[in-house]
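If you want the building blocks of each chain, they are given just below.
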Amino acid sequence: MTTIIGLTGYTGCGKSALGDLLERKNRGVKHYGMSEALLRRFLLARPSILPGFPITSVDELHELKRKHPALREAIQDFGMAFRQIDTDIWVKAVLFDIYNDKRTDYAIVSGIRFENEREMCDHVVGICRPGYGPVNGHASETGTAACLEAADITINNTGTLQELYETFETHFPGVSV
């Protein structure tokens, strides 16, 4: 059975970097991102949404949305539009990926922003970093605040990525194999 550990926090606090590092360093650990499920679907619609932008990967889209706040908001709105149809659509998309990967003992899911996303997790870790807060007033940013308050554990990321990793390991020693 796969143990799902969610990471919540604001943009830039270290969630994805920690998830990537946990996957690189540990067998049986796979990093999934709530935003990756959304961005893969956004890329499918990209020709009509972003004509003239030669974006071909989720990584390129991540980089572009960091540089262009309006694009970030458009992607957030795209995700919320699908949530109006089915509030669990992104939860279902991530769970589909997790349970189709039979080699995963621990699924690290970054970008937990809503209560239903938090509820799919066995544990939720809040990551706070001084100087990082809501990027805009979008509903997903408000949801992040609630998830941080409800997190099982909160880690203050005030050092290096390695220090963040080591602090995480003190709470979840079984993840490091």
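Our structure's up above, just so we're on the same page.
These remarks concern the structure in this document.

Rules behind the numbers
Residues numbered from 1 in each chain as written. Predicted model: local features only at pLDDT ≥ 70, side-chain atom pairs only at ≥ 80, totals over all residues. Heavy atoms only, no water. Helix = DSSP H or I, 4+ residues; strand = E, 2+ residues; numbered from the N terminus. Expected span 1.5 Å × (residues − 1). Buried < 20%, exposed > 50% of the residue type's maximum accessible area, 1.4 Å probe, protein only. Arc of directions from axis to C-beta. Core = buried A, V, L, I, M, F, W, Y, C linked by side-chain atoms within 4.5 Å. Contact = heavy atoms within 4.5 Å. Axes fitted to C-alpha atoms, helices over the stretch in contact; angles between N-to-C directions. Parallel < 35°, antiparallel > 145°, perpendicular 65-115°, else oblique. Nonpolar A, V, L, I, M, F, W, Y, C, P; charged D, E, K, R; others polar. Pairing = 2+ DSSP bridges. Lys, Arg positive; Asp, Glu negative; His and termini not counted. Salt bridge = Lys/Arg side-chain N within 4 Å of Asp/Glu carboxyl O. Polar contact = N/O pair within 3.5 Å; in protein donor to acceptor, adjacent residues only side chain to side chain.

A look at helix α4 (residues 69–85)
1) Next: Taking 1.5 Å as the rise per residue, α4 with 17 residues should run 24 Å; its terminal C-alpha atoms sit 25 Å apart, in good agreement.
2) Next: All buried positions along α4 are accounted for by Leu71, Arg72, Ile75, Gln76, Phe78, Gly79 and Arg83. Looking straight down α4, one finds that the buried residues subtend no more than 150° of arc, so they occupy a single side. Exposed residues lying more than 90 degrees from the buried face of α4 are Pro69, Ala70, Gln84 and Ile85.

What to know about the nonpolar core
1) Next: Counting residues in hydrophobic clusters, the biggest one holds 28 residues, and the most contacted among them are Leu61, Val94, Val109 and Met120.
2) Next: Put simply, the parts of the chain that give this core at least two residues each are α2 (34–49), α3 (58–67), α4, α5 (89–100) and β3 (106–110).
3) Next: At 6 residues, α2 tops the list of elements feeding residues into this core.
4) Next: In this structure methionine 120 touches Ile4, Met34, Val91, Val94, Leu95, Val109 and Ile112, once residues within four positions along its chain are discounted.
5) Next: With 17 residues, the next largest nonpolar core counts Ile5, Cys13, Ile153 and Val175 among its residues.

Some points on the environment of aspartate 105
1) Next: When you line up the elements, aspartate 105 lands in the loop between α5 and β3.
2) Next: Sequence separation of aspartate 105 and valine 29 is 76 residues, and the distance between their C-alpha atoms is 6.0 Å.
3) Next: The residues contacting aspartate 105, other than those within four sequence positions of it, are Met1, Thr2, Thr3 and Gly28.

Considering the packing of α3 against α4
1) Next: Across the interface, α3 lies against α4 with an axial gap of 5 Å and an inter-helix angle of 120°. Put simply, α3 runs oblique to α4. Packed against α3, whose contacting residues are Leu61, Leu64, Lys65 and Lys67, the element α4 presents Pro69, Leu71, Arg72 and Ile75 at the interface.
2) Next: Of the residues in the contact of α3 with α4, the class split is 5 nonpolar, no polar and 3 charged.

Details of helix α1 (residues 15–25)
1) Next: Listed in full, the buried residues belonging to α1 are Lys15, Leu18, Gly19, Leu21 and Leu22. Projected down its long axis, α1 carries its buried residues within an arc of 165°, all on one side.

Side note on the environment of serine 140
1) Next: Residue position: serine 140 is located in helix α7 (residues 139–150).
2) Next: According to the relative accessible area criterion, serine 140 is buried, its value standing at 7%.
3) Next: Between the alpha carbons of serine 140 and methionine 80 there is a distance of 8.5 Å; along the sequence they are 60 residues apart.
4) Next: Discounting residues that sit within four places of it in the chain, serine 140 has contacts with Gln76, Arg113 and Phe114.

Quick notes on the sheet that holds strand β5 (residues 153–156)
1) Next: Spatially, 5 strands are ordered β2-β3-β1-β4-β5 in an open sheet, and the strand pairing comes out parallel. In the strand order of this sheet, the two ends are held by β2 (29–33) and β5, each with one partner. With strand direction ignored, the average angle separating the axes of adjacent strands in the sheet is 25°.
2) Next: Here strand β4 (residues 123–128) pairs with β5 via 4 bridges, running parallel.

Quick notes on the side chain of arginine 83
1) Next: Within the secondary structure, arginine 83 is located in helix α4.
2) Next: Despite its burial, arginine 83 pairs with no opposite charge, the nearest such side chain being glutamate 117 at 4.3 Å.
3) Next: A polar atom in the side chain of arginine 83 sits 3.1 Å from the backbone oxygen of threonine 87.
4) Next: Not counting chain neighbours up to four residues away, the residues in contact with arginine 83 comprise Ile89, Trp90, Phe114, Asn116 and Glu117.

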